Amino acid sequence: MLVLMVMAGLITFTSCSDDDDEEPEEPTTLAGVYSMTEAITTTDIVDVEDSVIIPTGSNVTAIMAGGIFGASPCDNPVNSAVDMAEDGKLYFVCVGTESDKNGVDAGSWSESNDLTTLTLTLNSTVVPPTGFVLSIENVTKTGAVISGTISGVPMPNDLLGAIPGLEDVDFPIIQLVGAEIEFTAVPEPF
């Protein structure tokens with residue numbers, strides 16, 4: 001009888017501890033408001049003579065954010081964020097000290113069923129004259145951070161030429177720049 005009571009106690013104790021070992025749930029959607037927190041080049045940025053000006057592996061977060069969020073309503077680029085609404089609409093919004101500004105309809109967004117590809121379809125209002133489809137591959141979401149790879153973001157020469165110290169460099173009119181990127185969810189209230 002004593003042996004049966006000890007075994008029953010062990011079974012009860014073991015079954016209680018199994019509940020504590022459950023893995024956290026995987027995200028079911030990437031919807032939310034995110035700011036770009038990192039962009040590291042996976043391609044060189046070159047001048048018109050094909051000389052490397054910014055090499056692969058460079059941190060270009062400010063440049064990349066300027067290229068992607070060029071039509072943001074924010075005065076300070078640090079306050080720019082992307083709102084991927086649950087209904088698939090995409091907005092450029094301001095957070096922080098500029099959160100009272102109205103967002104800009106930037107197009108739409110979609111995610112693959114396994115959440116490994118994120119597609120931003122930017123409309124012609126934010127990327128004139130025809131818009132642009134930005135595909136982010138190898139997407140992972142860890143906590144509040146979405147990371148992935150962009151094979152090519154169009155970077156206009158005026159954006160690259162505005163970088164301090166590179167004002168006199170003759171860049172191609174537009175070049176595609178690849179990067180490993182990271183977006184971090186903006187906590188509410190924005």
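Below is a summary of the structure that appears in this document. Source: prediction; values computed, not measured. (Residues numbered from 1 in each chain as written. Predicted model: local features only at pLDDT ≥ 70, side-chain atom pairs only at ≥ 80, totals over all residues. Heavy atoms only, no water.)

1. A closer look at empty space enclosed by the protein
As enumerated under the stated definition, the model contains 1 cavity of 30 Å³ or more in all. Taken as a whole, the largest cavity holds about 50 Å³ of empty space. Forming the walls of the largest cavity are Tyr34, Val82, Met84, Leu118, Leu120, Ile136, Ile146 and Phe183. Of all the secondary-structure elements, those providing two or more residues to the lining of the largest cavity are β4 (80–84) and β7 (118–122). Classifying every residue of the lining of the largest cavity gives 8 nonpolar, no polar and no charged. (1 Å grid on protein atoms, 1.4 Å probe; cavity = no way out; pocket = protein on both sides within 12 Å on 5 of 7 lines; lining within 4 Å. Points joined across faces, edges and corners; volume = space filled by probe spheres on them. Helix = DSSP H or I, 4+ residues; strand = E, 2+ residues; numbered from the N terminus. Nonpolar A, V, L, I, M, F, W, Y, C, P; charged D, E, K, R; others polar.)

2. So, the state of the cysteines
The full count for this structure, using the stated rule, is 1 disulfide. Shown here is the disulfide that connects Cys74 with Cys94, its sulfur atoms set 2.1 Å apart. Sign of the S-S torsion, about -125 degrees for the bond between Cys74 and Cys94, identifies this disulfide as left-handed. Taken as a pair, Cys74 in the loop between α2 (61–68) and β4 and Cys94 in strand β5 (residues 89–94) lie far apart in primary sequence, 20 residues in all. (Disulfide = S-S within 2.5 Å.)

3. Details of the environment of Val186
Relative to the helices and strands, Val186 resides in the segment after β10 (174–185). With relative accessibility at 15%, the residue Val186 sits in the buried group. With near-sequence residues (within four places) excluded, Val186 lies in contact with Val33, Tyr34, Ser35, Ala81 and Val95. (Buried < 20%, exposed > 50% of the residue type's maximum accessible area, 1.4 Å probe, protein only. Contact = heavy atoms within 4.5 Å.)

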